[in-house]
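# Observations on the three-dimensional arrangement
Letter by letter, the chains look like this.
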Amino acid sequence: FFSFGLCIAFLGPTLLDLRCQTQSSLSQITWVFFSQQFCLLLGSCLGGVFKRTLAQSLLALFASSLAISLVFAIIPLCHNVLVLAVVMAVAGLAMGCIDTISNMQLVKIYQKDSAIFLQALHFFVGFGALLSPLIADPFLSDTNCILANGTANASSNLPHIRKSLLPHHPGNLSHYDLPMKGMVVTRVSYAFWIMALINLPVPIAVFFLLYKERMVPCFNGSSHPLLSADELALETRPGDKDELSTAAQRPHTAAGHEDLFSCCQSKNFRGASYTYFAVHITGALVLFMTDGIVGEYSGFVYSYAVEEPLAVVHKVAGYLPSLFWGFITLGRLISIPVSYRMKPATMVFINVVGVLITFLLLLIFSSSVVFLFVGTASLGLFLSSTFPSMLAYTEDILQYKGCATTVLVTGAGIGEMVLQLLVGSIIHDRGSYSFLVCGMIFGCLAFTFYTLLVFFHRMYPKPSPELDEASPAKAAVPEDTGQYQR
């Protein structure tokens, strides 16, 4: 997830230098955003394909994290915008696999205790997302990186142009003269090579785990596993070890945690009540709204601040996205110990209510620059733990037998992509104030869907106590989830 965060945040600051490198227009280079986001969504849908065994999941994580390092190393060699878009599409697929597999495996292994581990996992997204712009910043061009005549206007407004670039929304930037031909002078290649080296320990660590767990085909005889299946199961009785070992070697398909396309097969719907579907749908819709808010707020808060009536100077407004992501990271760090004491459902309730109240206050004090900064920090704090808490809550309702992880990850990815495009179009037609109005509407919808989720939770059939206590061996061999299969 550090790899995921590192890869998700570098594109915005470096996009102008990549435009120079590929000698493309603003509208052409913004398609690189779309290729990454679309393939991230596709990778999230397909990530469940690798869930069959722990070995498959770790091999997929190794390949995905290694692919991200290779992408960072290859980007400086891409001098055509189409080639760059293809490379970023590969990065998006790797990010999507990491997103689904990491969440899925933690939920499968730790189940009731997964909330704490999910909070820690998502902290590293924010950490990576904070680090990559800091690495890139010293290597970004201060003046236009394609030397040509008549570029003074564009050069003086380069920081403003950089922060206003969004997927398919170059905004009102067409009047800036950005030449497409000339001598390219950019040092951004060094930033990508540094990020490739910083990310390299991640696939190395995953490979080391594969080696220690005897999952590397060529090196499976010499090392001792870090954790045996018995230790992972936590409550396995000594007498059940042989049975557990036999079951772990038996190839079987997990009952839940499929990829999105497997989830949609009719065999998974037989005998399921309508509340089963309702929990999946309402949970995904909550994250569709909240992750959509993260995407649209981080993308447009700068553009909103520099417009009337606030008219914040460009340099000061540039701190707002960093403040937002900084408090998301801080909130995820705080949520690790908090989730140990507080139920996921309570945390999600506090989050959605906090988002709603923050947007309401931002609308009331819309002419205050100070409150815009306060509100941005507050919004980041409340949105920070929504995804991991929602995932833990929904999986708990479904007793870890549904397709919640894949459905929720996919819903969140669609929301982040769709709402950003929607809000960009609305701001273009209705003005900057509609930015906060849209946020308020999305916050209300998130709260409504959460209320419906709680309602369906109360109606969802509870597991039978007789079944839970019927067989000690059943507790020791978790065949329904396939969670300790190597």
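Residues numbered from 1 in each chain as written. Predicted model: local features only at pLDDT ≥ 70, side-chain atom pairs only at ≥ 80, totals over all residues. Heavy atoms only, no water.

### A look at the overall build of the protein chain
- The number of helices and strands found in the protein chain is 24 helices and two strands.
- Taken over 486 residues, the protein chain has a buried fraction of 55%.
- At a minimum sequence separation of 6, the contacts of the protein chain that also span at least 24 residues come to 82%.
- For the protein chain, the accessible surface area stands at approximately 21,100 Å², while carbon and sulfur atoms represent 67% of it. (Helix = DSSP H or I, 4+ residues; strand = E, 2+ residues; numbered from the N terminus. Buried < 20%, exposed > 50% of the residue type's maximum accessible area, 1.4 Å probe, protein only. Contact = heavy atoms within 4.5 Å. Areas by Shrake-Rupley, 256 points an atom, 1.4 Å probe, with all protein chains shown as cover.)

### Observations regarding the packing of helix α6 (residues 81-110) against helix α21 (residues 404-430)
- Two elements in contact, α6 and α21, have axes separated by 9 Å at closest approach and are oriented at 145°. Here the hand of the crossing between α6 and α21 comes out right-handed. On the side of α6, the interface is formed by Asp99, Thr100, Asn103, Met104 and Val107, while α21 contributes Thr405, Thr406 and Val409.
- Residue classes in the contact of α6 with α21 are distributed as three nonpolar, four polar and one charged. (Axes fitted to C-alpha atoms, helices over the stretch in contact; angles between N-to-C directions. Left-handed = near helix turned anticlockwise from the far one by under 90°. Nonpolar A, V, L, I, M, F, W, Y, C, P; charged D, E, K, R; others polar.)

### So, the packing of helix α20 (residues 386-397) against helix α22 (residues 434-459)
- Orientation of α20 relative to α22, taken along the N-to-C sense of each, is 25°, at an axis distance of 11 Å. If you check the angle between α20 and α22, you find them roughly parallel. Considering how the two elements wind past one another, α20 and α22 form a crossing that is left-handed. Across from Met390, Tyr393, Thr394 and Ile397 in α20, the residues of α22 making contact are Tyr450, Leu453, Val454 and His457.
- When the residues that make up the contact of α20 with α22 are grouped by side-chain class, the tally is six nonpolar, two polar and no charged. (Parallel < 35°, antiparallel > 145°, perpendicular 65-115°, else oblique.)

### Here we look at helix α17 (residues 319-341)
- The end-to-end C-alpha distance of α17, which contains 23 residues, comes to 33 Å, matching closely the 33 Å that a straight helix rising 1.5 Å per residue would cover.
- Buried residues belonging to α17 abut α7 (114-136), α15 (274-306), α16 (314-317), α18 (344-364) and α19 (369-384). (Expected span 1.5 Å × (residues − 1).)

### Let's talk about unusual backbone geometry
- Residue Glu308 is joined to Pro309 through a cis peptide bond whose omega torsion reads 10°.
- If you trace the backbone, Pro309 turns up in the loop between α15 and α16.
- With phi around 60°, Arg214 is a residue other than glycine that occupies positive phi space.
- Residue position: Arg214 is located in the loop between α11 (201-212) and α12 (229-233).

### Some details on the packing of aromatic side chains
- For the structure shown, the criterion picks out 25 aromatic pairs.
- Seen in terms of ring centroids, Trp31 and Phe34 are 5.6 Å apart; in terms of plane orientation they differ by 80°. Their pairing is edge-to-face. One end of the pair, Trp31, and the other, Phe34, are both in helix α4 (residues 31-46), three residues apart, so they sit about a helical turn from each other.
- Since its relative accessible area comes to 29%, Phe34 is described here as partly exposed.
- For the ring pair Tyr297 and Phe324, a centre distance of 5.1 Å and an interplane angle of 40° mean the geometry is tilted. Here Tyr297, found in helix α15, pairs with Phe324, found in helix α17; they are 27 residues apart in sequence, far enough to count as distant.
- Judged by its relative accessible area of 0%, Tyr297 falls in the buried class.
- For Phe324, a relative accessible area of 0% translates into the label buried. (Phe/Tyr/Trp six-rings, centres within 6.5 Å; stacked < 30°, edge-to-face > 60°.)

### Notes on the confidence of the model for the protein chain
- For the protein chain, the mean per-residue pLDDT works out to 79, and 74% of the residues sit at or above 70.
- Within the protein chain, no element has a lower average pLDDT than helix α24 (residues 472-476), which sits at 39, and none a higher one than α18, at 95.
- Predicted confidence for residues 466-486 stays below pLDDT 50, and this span has 51 contacts to residues more than four positions away or in other chains. (pLDDT = per-residue confidence, 0-100.)

### A short note on the pattern of salt bridges
- Counted by the stated rule, this structure contains one salt bridge.
- Between Asp396 and Lys112 there is a salt bridge, with the nearest N and O atoms lying 2.7 Å from each other. Remark: Lys112 occurs in the loop between α6 and α7 and Asp396 occurs in helix α20; sequence separation between them is 284 residues.
- Judged by relative accessible area, Lys112 falls into the exposed class, the value being 62%. (Salt bridge = Lys/Arg side-chain N within 4 Å of Asp/Glu carboxyl O.)

### A short note on the nonpolar core
- Core analysis: the biggest nonpolar cluster contains 108 residues, and Phe10, Phe72, Ile75, Met88, Tyr297, Phe359 and Leu372 have the highest contact counts within it.
- When residues of this core are assigned to their parent elements, the largest contribution, 16 residues, is made by α15.
- Shared between two domains, this core holds at least three residues of each, these being domain 1 (1-145 + 181-219) and domain 2 (272-462).
- Sequence-distant contacts of Leu372, defined by excluding residues within four places in its chain, comprise Tyr297, Val301, Tyr304, Ala305, Leu310, Leu320 and Leu362. (Core = buried A, V, L, I, M, F, W, Y, C linked by side-chain atoms within 4.5 Å. Domains from an automatic or database assignment.)

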